[in-house]
Structures are given as structure tokens and as C-alpha cells.
Amino acid sequence: MLPRAEALALPAIHASHVGIWIADPAGRVQRIGRGEAIAAVAATPHLLLNATLTGDRLGYPELSGLDLLELFAFLYPARFAVPTPAGLAAAIGLDPPKTEESIAAFLRKAAAAMLASLDDRDWPEREGAWHGLQALARQRWPWASLAQPRLDPSDKADRWLFARLPEWEEQPPRAQPRQVTINADDVAARLDRLTGDGAERRAGQQDYARAAATIFEPRERKDAPRMLVAEAGTGIGKTLGYLAPAKQWIDQSAGSICISTYTKALQRQLARETEKLYPDAATHREKVVVRKGRENYLCLLNLEDALQGGFSGRAAILAQLVARWAAYSRDGDMVGGDLPGWLPALFRRNGTTALTDRRGECIYAGCPHFRKCFIERSARAATQADIVIANHALTMVQAARPRDGGAPATRLIFDEGHHLWDAADSMFAAALTGQEAVEIRRWVLGPEGKSRGRRRGLAARLADVASYDEAGDKAIQAAIQAAGELPGDGWLARIGENEPWGAVESLLVAVRAMVYARAVDARTADSGYGLETELADPDPELVVAAASASDAIEALLRPLMILAKRLDALVEDPPDWLDGQARARVDGARSSLATRIDTLGGWLSLLGRVGGPADPDFVDWLAVDRYDGREFDLGLHRHWLDPARPVAEVVYRPAQGVLVTSATLRGGASGTGGWTDADIRTGARHMDSGVRHFAVPSPFDYARQSEVLIVTDIPRGDLSALAGAYSRLIEASGGGALGLFSAIRRLRIVHARIADRLARAGLPLYAQHVDPLDTGTLVDIFRADPHASLLGTDALRDGVDVPGESLRLVVMEGVPWPRPTILHAARRAAQGGSAYDDGVIRARIGQAFGRLIRRADDFGQFVMLSPSFPSRLLGAFPEGTPIRRLPLDEAVNHVAAANVEQRKTAFPAFSPS
């Protein structure tokens, strides 16, 4: 708890859907109108909480002032806080405000209490604060004048960021694991210890753990891993179920495993679960490493450039706050790590993307911060860890290109395995679009024209190689010349005006013309969303343009392949100057080159399809991508008809043991799709060795804990009726609702129509694509307030884990039919027609329903707003779940009555509004 302090003598403002309140410097609070509020904040800086969100509430997007979240980020970097008045109060140890009217006055007290940390000699984040505050003062940060008098000048002797960060050290390669066989009784005993002394032994979890142990048996032949496809119903405790045999095998074999999941939120959850394996925090940091793609981590060189003038205005303030965080961060993860998810959103034109390595421009050992690099430290820590927690995309990248992150682990566990299909669909696809081509051009040429920043094109990254190797220098120069044929700045405007520069832009002009000529759905064309057409019987103009573009791309590919061979030769026969750091830089360049060579090769294969025969393994099409009627990309696309096939070949076969697990592998909560569907979606059908299957149902009593209400009188497409249904259902449940939409446009319309009404009833409503907050922060807010509700799209259908009273109602706007795209039509035709669609829909509904019941004392209701919900899809719900078809009025009464009764028994302390 922070020291007590008097409220600051500054005005404060709080704006919500209910109203706007201002506390004057003397502490008097009054409710005012929007125009008066805008005039007040424009004239005098006010204390506020989340300037971006407050500005949206006021209709004044340029709002600025003394944002308490910015102060929190400076004072307590890498600490968690929910960015609401109640969340801030909990984080700093104050009593939360009781009413909306009291929030403005609370902000004055909270600001004073936070500033009092500067007077506390035991403030944990004191080191580096003096340096950071002086830099923020030079950027005219509003809090600087209030904070500077409280910091002791002696603090300037403290270490700042680059002096504070530790250096990583090289470690010898980890030995291959010993070949062992783990005992089932040992696994059962370890599971008992993990679940806790005195805990009830769950037979389903024990059976699951024994089944999972089979993947740790020695394999019998090459390319034939021990493989288990296992469905574990919600509540089984599958994470501990596979961690128990995994830890037993690690201890006996001295080996390591990779656990792969789909989202960053699930990576965080898995990391928390592994704390039970390694209760000591220091040991856990050593033994368990969360790994993500390079683009997720702070690049220290980019940060240094931003701090030295690369950023200006508000972005420069963001850079300073990120620097404060970096000094205390566990691993430098900016996306889903300990950087507050709400921090970048406070800066509408934020520069966080420029602080990561999103373009593959890393100069590796040529970087002055190489030995302190978060990315390099994470990669090296992963080679020594017992457990690496990755996401599906990174696991596939590392299997396909081992140089990107070391050799693949011998044992792989794919949690949330029902998402493998989607992850593989993105990973193994090819897209020759304007944006992709621009990125390749920038990677070769570096900044052009008026672009700011260090020059980090191919020539700059390999300057020492060019000076030593004449053939390598010629290849670099040839690549630079060839890259000039790729789209550059302003390409999209030139395409729209039919004035292309170069062969690839000419190709894009032809693509755009053919898409607009052949797009068959006029409603889609008018709606502002993307357009597409099959790559079949192409226009002569497209064939000619594709041939020219193919020549241009091949002209770039040839020198890159020559350069790759020259770099290989350097490593095989190193010159005297190739010391450890230089070799690391060359190895990094080799890896980056391999990625671009693969991309260009995929483009050539795709262009060869234009005017040529179709490949039955792939689906090819042309697309113009649009958002709200505005074009933002266009080009040619290629996806595998069965994306799980390369997963089997590239990822599974090299491993010795593979577990693919989920709660809904078989097409819904009740598993009605059978193992055939699961084997198709996971790629198990492509394994010629014996694949084992295991299923255990959920232990929850769904007949008692849940029910499904299918509302029959909401006409499809009637947005007024849809908004009214959401509003009435949320009011009936007293909040705690998760609303799921298949279209962002409908989500926004419904939110705009009901947010004020619900707020007046004391029921806050948040929404993806509306509120300027990242998804993780929205879920944190939702989880923290049992009266709050949240609207969202697919990311919330799978990525929300909110046990207890904060989630007691899920409402879907209708049956989540697959979008009728060219790719979907091809897969539908190849894999069973309507049966394929039904499997996809059942899985989506099953995942949404699975958000409701997360523990034995949960109760929840699932509402489907669909007048003609097909009976064949009812298998999406667990067996025994009560299902009722009824009109909205009855559904609302049913929700209200059921929730009042359940709150009395399950949550006696909770009182619905």
C-alpha cells in the first residue's frame, strides 16, 4: 500500500456512457455537459484515467492531460494493473470509488498517492527514474513538473537502462535426452502432488495422464513418432494431465519438451501452470521459457534510435516509458508479456511497431546491444530450458527453418490442437501482394527517400562481407538493382490511378482489373469488404504481366541465392576476420536470406500457375483487400487445400513423440464428429505410423450447471431487433455477458445502440474494435468486474478464460457460418460438402459454449439468436445440456429468473443490478 497523501490541487475529469463529472482543484464535483467538458479540458490540463478512452467518450479525440496510466507506467514499470478506477485502486492499495460520481475526486487522491512513491526510499523501481524523468521533462511530459521536485538528485548516479540490463552468456549445446521408459505409477504419483495434497483424485485426469505418457516412449523407427490425438473435455485438467508425465520424463531423461498453443493469452496461462512444477521463481525462470516470434520483442537498437531523436512528440514520450519498462521487464516481450497492454493504446499514433524487429532488419552481432538483446537471450534460454512454451506459428517456423531457433524438440505437445489447421493455413501459404512486396524491397534497400532511421538494408548489414568477397559484393549490388522493380512508397495510389512503376506494380494493376471484372456478388462489392476471384482462365493482360513479374522476381532471386552460397562458403572456410560476433551476424543473414528465398520461390510457383495448369494440392485466387470501402492491399494468393499435410511432413515426422490435444477436437463439445474429422484437422491422417486416440468427457454436470436458449423471433438482418435482444439479455443477467459476433460492422452498430442504456443501469459494456484497448486488456477489465459485459469476435470465442461470476452468459448473434470464400468452397468440395461445414460450425459453437463453465461451481447460460437453428448442430453442446427454443420475451424472463436463483446459491455475496 502506498503512503497516504492529500489529494492534488488539480482538476480531474471522468467521462463514461452515463455522464461526465469534473472535480475542481478544491475537490468539489459537478456533473457537466459534453461541450462544457471539452472547453474545460482544452483550457486547463486535467487529471484523468486513460486519455484515449476518455477522449472517445467526450467525442474529443485530441484530448490530452495528466493521465494516471502514464504515471503508473513510469512509477511501476512491468507491474500489472487493470486500467479502470477499481483496477488502479487495487494496484496502489486504495479503496475503490463507490459510484461514477465519485471517480473524478478519486483520481485526485490516486494521483497524490502515486506521486508519494517518489518520497519512499524503498520504492522498488527507483533505479533509473531520475534519468528517465529528465528525458521526459525535455519532451514536456505533463507529469514531469510534479515529479521532479520529489526525486533526489543523488538518484542520477543510478544505472539507467543499457547499463542495467544483464548480458547473456553462451552455453554449451544441451545433450540429447536419454532413452527411458516412464512408469505409469510414477506419473500418477506426480499428478497427485501437482493437484495438491488432499485433492480429490479425478479418474478422467489420471486416465488422460497415462495416455499422454505414451508419447514419451522410445520410437521404433525414423519418421514415425509416438503420436496421440487426445480430446479432454473442459474441466478435466488436461494441462496438469500432460505436465505430469512430461516432468517425469524430463527428470529421468534430462530432455526438454516444447508445448505449443495458439494465442499469447494461452501461453501466459501455461506459464502460470508450470509454476507448480518449479515453485521457486528463479528456478522457474531458468527451466521454463516462453518463446514468440522476433516481432514480439523490444529491439534495443530501435529503442536507442527512438530515444536519440528518431521519435518526436507523443511517440518520444512512449519511447521513454518503454525504456523504463525494459529495465524491469522479465523478457522484453512487448505483445502479451509484462508490458501493460493498455500502454501503447494511450498513444493513438503509437510507435511500438517501430520498436520491434518486424522487417527482419536485425544486424545481429553488429548491434552494440547484441549481448543484452532480449531476443537473443530468449533464444539461448530456450536451448537450455526444460520446457519451452511457444505458439503454433513459431513451432512450425522452427521446424521448417531450424536455424531460426535451434533444432526442433524431440517431444511436442500441441495444446488447443483444434487450431493447428488455422495456424498451418497461414504458415504454409504464399501471398504475392503489394504489401508483401514492399516489405521485401525495404529488406533489400533499407530506408528510401525521406524515411528516417539508420540505414539497415542488405548492403549495410553485410558491409564487411562485401569488402572481403567480390562475388558477394556483386550479388548484393545485383539484388539492390533488381529490388527496384518491386513496389515502393505510394504504390497503392499508383495502382488505383493505373500508373504503375515496374513489373510487379503492372501485375497488380492487372490483378485489380480482373478482380473487379469478375467479382460475382454485387452485395459484397457494395459492402466495403474484400473482393476475390478464382485464378482460372486469366485475362491475356494478366498472363503477360505475370510473365514480366516472374522475370523481375527471378532477377532478384538469383543474386540472393548466390549471396547465400557465398555466406555458406564463408562459414565453411572462415577468414581471419570472421570472429564470433562476425559469424553471428553472418549466421543471422543466412537465416534471413533463407526466409526471403523461400518467399520468392513461392511467388514464382504462384506466377507459374497464371496461364498454366492448376496444382490439385493448392487453391489459388486473386483478391483486393478492403476495409470500410478502402483498399489496403491486393494480389495473388496460394493456400494448401489441406494445410495439415505440411504439418505432418515438416513438424511431426522429425519428432519422437507428439501429443495433439484439445477440448473440441472432434467437432463440438460432445465430440460428434468422430476421429476422422480430428485426424483431418490435425494432420494425423498423413502419418503412416499408428496414431493413438484417447477421449475423456468433461466432469461437469452440464444438466445442472448450464442451459442453451435458442431465440426464435429475431429476424436475421434486423439490427434494431438484434441490439434490443442483446440489451435486454444483458440487463436480465445483471452483466457478466460475453457477446460474440461474426462481423465487426454489426458489433459496432449494436454497441453504439445499447452502451448508454446499459451504463445507466450500472452495467458497463466494452467492445473489441470500438474501445481503444487491446483484447487482453479488455478481457482483464471484463474479468475484474462481475457487472461488466464484453462484445467481440473470433478472438474472444477461443481466448477467454474467465471462471466464476464474471462470465455467466454467452450470446451469439447467430449461427457462425463459414464465410463463402473461394478457399472455403474448395475445401468444402474436397472434404464432404455440408458435413465439412457442420464440423466447422459445431467446433466454433463448442468453443464458445466452453467459455461458460470453467469450474465445478460455475453456472452459465448460452443464448443463440437464431430463428432457424438446425437440429443437426445441437451436437455442438455437451450431452445432457438442457436446450430450449423460445421467443425473446421468454428467454429474457428465463435468464433473469435463473440467474437470480443461481446467484443466491452459487454466489451469495453477489447481487445483480
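This one's a predicted model, so the numbers in the text were calculated from it and none came from an experiment. (Residues numbered from 1 in each chain as written. Predicted model: local features only at pLDDT ≥ 70, side-chain atom pairs only at ≥ 80, totals over all residues. Heavy atoms only, no water.)

Within the protein chain, the secondary structure is distributed over 37 helices and 23 strands. The globule rule puts the C-alpha radius of gyration for 913 residues at 29 Å, and the 29 Å found for the protein chain is close to it. Overall, the C-alpha framework of the protein chain stretches about 75 × 70 × 65 Å when taken along its three principal axes. Scored against the burial criterion, the 913 residues of the protein chain give a buried share of 56%. Within the protein chain, contacts between residues separated by at least 24 positions form 77% of all contacts whose residues are at least 6 apart in sequence. Each charge class in the protein chain can be summarised by its mean position, and for the 108 positive and 114 negative side chains these summaries are 2 Å apart. (Helix = DSSP H or I, 4+ residues; strand = E, 2+ residues; numbered from the N terminus. Rg over C-alpha atoms; globule rule 2.2 N^0.38 Å. Buried < 20%, exposed > 50% of the residue type's maximum accessible area, 1.4 Å probe, protein only. Contact = heavy atoms within 4.5 Å. Lys, Arg positive; Asp, Glu negative; His and termini not counted. Charge placed at Lys NZ, Arg CZ, Asp CG, Glu CD.)

Running from N to C, helix α35 (residues 822-830) and helix α36 (residues 834-850) point in directions that differ by 115°, and their axes come no closer than 7 Å. Here α35 lies roughly perpendicular to α36, going by the angle between them. Two secondary-structure elements touch here, α35 through His 824, Arg 827 and Arg 828 and α36 through Ser 834, Tyr 836 and Asp 837. (Axes fitted to C-alpha atoms, helices over the stretch in contact; angles between N-to-C directions. Parallel < 35°, antiparallel > 145°, perpendicular 65-115°, else oblique.)

With respect to the helices and strands, Thr 682 occurs in helix α29 (residues 674-682). Thr 682 sits in the buried class, given a relative accessible area of 0%. Looking at Thr 682, its side chain comes within polar contact range of the main-chain nitrogen of Ala 684, at 3.3 Å. Discounting residues that sit within four places of it in the chain, Thr 682 has contacts with Val 229, Gly 417, Leu 420, Ala 644, Tyr 652, Val 660 and Leu 665. (Polar contact = N/O pair within 3.5 Å; in protein donor to acceptor, adjacent residues only side chain to side chain.)

Spatially, β8-β9-β7-β10-β15-β6-β16 is the arrangement adopted by the 7 strands of the open sheet, whose pairing is parallel. Each edge of the sheet is formed by a strand with only one pairing partner; in this case those strands are β8 (288-290) and β16 (691-696). Each strand of the sheet is rotated relative to its neighbour by a mean of 15°, with strand direction disregarded. Note that strand β10 (residues 411-414) and strand β15 (residues 657-662) share 4 bridges and pair parallel. The residue of β15 that forms the bridge with Ile 413 is Leu 659. Against the sheet, helix α11 (residues 238-253) engages β6 (226-232), β7 (257-261), β9 (387-391), β10 and β15, with an angle of about 160° to β7. Contacting β6, β10 and β15, helix α28 (residues 644-652) crosses the sheet at an angle of about 145° to β10. (Pairing = 2+ DSSP bridges.)

A separate point is the confidence of the model for the protein chain. Looking at the protein chain, pLDDT values average 88 and 93% of them are 70 or higher. Summarising per-element confidence for the protein chain, the mean pLDDT is lowest in helix α25 (residues 522-527) (46) and highest in helix α3 (residues 68-75) (97). Every residue in residues 522-526 scores below 50 in pLDDT, and together they form 6 contacts with partners more than four places removed in sequence or on other chains. Contacts for the low-pLDDT stretch residues 906-913, under 50 throughout, to residues beyond four places or in other chains number 19 contacts. (pLDDT = per-residue confidence, 0-100.)

For the rest of this paragraph, the subject is the pattern of salt bridges. Evaluation of the coordinates by the stated rule reveals 46 salt bridges. Put simply, Glu 217, Glu 220, Arg 226 and Arg 692 are held in one network by salt bridges that share partners. (Salt bridge = Lys/Arg side-chain N within 4 Å of Asp/Glu carboxyl O.)

If you walk through the whole model with that rule in mind, you get 15 aromatic pairs. On the basis of an interplanar angle of 80° and a centroid distance of 5.4 Å, the ring pair of Trp 168 and Phe 370 is categorised as edge-to-face. Here Trp 168 is found in the loop between α8 (161-164) and α9 (184-195), whereas its partner Phe 370 is found in the loop between α15 (314-326) and α16 (374-384), with 202 residues between them in sequence. The burial state of Trp 168 is the same as that of Phe 370; both residues are buried. Between Phe 849 and Phe 862, the aromatic rings sit 5.9 Å apart at their centres with planes inclined by 55°, giving tilted as the arrangement. Linking Phe 849 in helix α36 with Phe 862 in strand β22 (residues 860-865), this pair joins segments that are 13 residues apart in sequence. Here a set of aromatic residues connected by ring pairs shows up, and it is made of Phe 700, Tyr 702, Phe 849, Phe 862, Phe 869 and Phe 877. Across the ring face of Trp 168, the terminal group of Arg 380 is positioned such that the distance to the ring centre comes to 3.8 Å. (Phe/Tyr/Trp six-rings, centres within 6.5 Å; stacked < 30°, edge-to-face > 60°. Lys NZ or Arg CZ within 6 Å of the ring centre and 35° of its normal.)

Counting 101 residues, the largest nonpolar core has Leu 68, Trp 143, Leu 298 and Phe 862 as the members making the most contacts within it. When residues in this core are grouped by element, the largest group, 10 residues, is from α15. Excluding residues that lie within four positions of it along the chain, Trp 143 makes contacts with Leu 8, Leu 47, Leu 66, Asp 67, Leu 68, Leu 71, Ala 111 and Leu 115. Grouped together as the second largest cluster of nonpolar side chains are 58 residues, Leu 445, Leu 508, Leu 531 and Leu 604 included. (Core = buried A, V, L, I, M, F, W, Y, C linked by side-chain atoms within 4.5 Å.)

Moving on, we come to helix α18 (residues 420-427). With 6 of 8 residues buried, α18 is to be regarded as a mostly interior element. The complete set of buried residues in α18 reads Leu 420, Trp 421, Ala 423, Ala 424, Asp 425 and Met 427.

One non-glycine residue, Glu 416, lies in positive phi territory at about 50°. When you line up the elements, Glu 416 lands in the loop between β10 and α18. Judged by relative accessible area, Glu 416 falls into the buried class, the value being 11%. The residue Asn 498 is not glycine, and still its phi comes out positive at about 60°.

Quick look at the packing of α18 against α29 now. Contact geometry of α18 with α29 gives a least axis separation of 8 Å together with a crossing angle of 30°. Here α29 runs roughly parallel to α18, going by the angle between their axes. Seen from α18, the contacting residues are Leu 420, Trp 421 and Asp 422; seen from α29, they are Ile 680, Arg 681 and Thr 682. Class assignment of the residues belonging to the contact of α18 with α29 gives a composition of 3 nonpolar, 1 polar and 2 charged. (Nonpolar A, V, L, I, M, F, W, Y, C, P; charged D, E, K, R; others polar.)

With that out of the way, let us pick up the side chain of Arg 324. Within the secondary structure layout, Arg 324 lies in helix α15. Among the polar contacts listed, one links the side chain of Arg 324 to the backbone oxygen of Glu 127, at a separation of 3.3 Å. Each residue touching Arg 324, except ones within four places of it in the same chain, is listed here: Phe 74, Leu 75, Pro 77, Trp 123, Glu 125, Glu 127, Gly 128 and Ala 129.

A few words now on the pairing of strand β12 (residues 531-534). Burial along β12 is one-sided: Leu 531 and Thr 533 are buried, while Glu 532 and Glu 534, pointing the other way, are not. Taken together, the 4 bridges between β12 and strand β13 (residues 618-627) define a ladder with antiparallel strand orientation. Paired with Glu 534 across the bridge in β13 is Trp 621.

Turning next to the sheet that holds β12. With antiparallel pairing, the 4 strands of this open sheet are ordered in space as β11-β14-β13-β12. On the outer flanks of this sheet lie β11 (430-433) and β12, each paired with one strand and no other. Strand-to-strand twist in this sheet, taken as the mean axis angle between neighbours without regard to direction, amounts to 20°. Looking at chain direction, β13 and strand β14 (residues 630-640) are connected through 10 bridges and run antiparallel. Bridge pairing in β14 links Ala 623 to Gly 635.

All right, on to the environment of Gly 762 then. Along the polypeptide, Gly 762 turns up in the loop between α32 (744-760) and β19 (765-767). Note on Gly 762: relative accessible area 39%, which makes it partly exposed. Remark: the alpha-carbon pair of Gly 762 and Asp 280, spanning 482 residues in sequence, is separated by 42 Å.

Right, let's talk about α9 for a bit. Structural remark: α-helix, 3.6 residues per turn; residues separated by three or four positions point the same way. With 12 residues, α9 ought to run about 16 Å at 1.5 Å a step, and its terminal C-alpha atoms sit 17 Å apart, in line with that. Within the sequence span of α9, burial applies to Val 187, Ala 188, Arg 190, Leu 191 and Leu 194. End-on view of α9: buried residues confined to an arc of 165°, all on one side of the axis. Turned more than 90 degrees from where α9 packs its buried face, Asp 185 and Arg 193 sit exposed. Where α9 starts, the residue carrying a side-chain oxygen 2.7 Å from the main-chain nitrogen of Asp 185 turns out to be Asn 183. (Expected span 1.5 Å × (residues − 1). Arc of directions from axis to C-beta.)

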